[in-house]
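# Summary of the model geometry
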Amino acid sequence: SAVISQKPSRDICQRGTSLTIQCQVDSQVTMMFWYRQQPGQSLTLIATANQGSEATYESGFVIDKFPISRPNLTFSTLTVSNMSPEDSSIYLCSVSTGNTEAFFGQGTRLTVV
Amino acid sequence: GQNIDQPTEMTATEGAIVQINCTYQTSGFNGLFWYQQHAGEAPTFLSYNVLDGLEEKGRFSSFLSRSKGYSYLLLKELQMKDSASYLCAVRTGAGSYQLTFGKGTKLSVIP
């Protein structure tokens, strides 16, 4: 299994500002992902964080709004840029260590006011 | 497109058995996952099925029928702490590890 440390665990931010969320894994992992979970909803994949290259974004998500870094096999960041109240959500980092399991960080609960 | 359906809410009695169904229509299939998510917490992995049949893990079992696009999660000897949302997720691509999630089933266990 993989132990994932995600921070901050929660934050309240002013609209128009940006927040960077960090995800640290205790072992090298091939695949890292960022998900969003809006209130009362299930998880939606934002992007796949690729080590050494640009992230792969899902439909409806763009790099300018959600820039992602993956400098090595154990660390990634997601930035939520120019925030609006609609960005209030839980953001989750996920890793896959093989073919059978995927693990999640504790999530970052973001409130934009 | 991808479509994963599961009931929105279910209620069951402590000590009983409950079955949570999930049906999927996806462009590919490379495994089905069940996660448990307590309110305000991250999802935790419960089970993984890639071949037809039943996988048993203690009080939890998961079943898959690929021809029918159907899975269920079976919870036995329900406990109050089992009150949570249960998420069905499908991995759609060979060599691809991202998951597509259903909307989740909120299970309430009552005394």
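From a predicted model like this one, the values you see are computed outputs, not experimental measurements. (Residues numbered from 1 in each chain as written. Chains lettered and ligands numbered in written order. Predicted model: local features only at pLDDT ≥ 70, side-chain atom pairs only at ≥ 80, totals over all residues. Heavy atoms only, no water.)

Adjacent strands of a sheet pair through backbone hydrogen bonds, lying either parallel or antiparallel. All names here are of chain A. The strand order β1-β3-β8-β7 describes an open sheet built from 4 strands, whose pairing is antiparallel. Single-partner strands in this sheet number two, and they are β1 (4-7) and β7 (68-72). Neighbour-to-neighbour, the strand axes of the sheet open up by a mean angle of 15°, direction not taken into account. (Pairing = 2+ DSSP bridges. Helix = DSSP H or I, 4+ residues; strand = E, 2+ residues; numbered from the N terminus. Axes fitted to C-alpha atoms, helices over the stretch in contact; angles between N-to-C directions.)

This part takes up the side chain of N49 of chain B. Residue and element names in this part refer to chain B. Position of N49 among the secondary structure elements: in strand β5 (residues 44-49). Judged by its relative accessible area of 1%, N49 falls in the buried class. At a separation of 2.6 Å, a polar atom in the side chain of N49 contacts the side chain of S62. Residues in contact with N49, not counting those within four places in the same chain, are F29, G31, L32, E55, S62, F63 and L64. (Buried < 20%, exposed > 50% of the residue type's maximum accessible area, 1.4 Å probe, protein only. Polar contact = N/O pair within 3.5 Å; in protein donor to acceptor, adjacent residues only side chain to side chain. Contact = heavy atoms within 4.5 Å.)

This paragraph deals with the state of the cysteines. Per the stated rule, a full pass over the model turns up 2 disulfides over all chains. The side chain of C23 of chain A participates in a disulfide bridge whose partner is C93 of chain A; the two sulfur atoms lie 1.9 Å from each other. Taking the torsion about the S-S bond as the criterion, the C23 of chain A to C93 of chain A disulfide, at about -60°, is left-handed. One end of the pair, C23 of chain A, is in strand β3 (residues 19-25); the other, C93 of chain A, is in strand β9 (residues 89-96), and 70 residues separate them in sequence. Taken individually, C23 of chain A and C93 of chain A each receive the classification buried, so the pair is uniform in this respect. Covalent S-S linkage joins C22 of chain B and C88 of chain B, the inter-sulfur distance amounting to 2.0 Å. For the disulfide bridge between C22 of chain B and C88 of chain B, the dihedral angle about the S-S bond is near -70°, and by the sign convention the bridge is left-handed. Within this pair, whereas C22 of chain B is found in strand β3 (residues 18-25), its partner C88 of chain B is found in strand β9 (residues 84-91), the two being separated by 66 residues in sequence. (Disulfide = S-S within 2.5 Å.)

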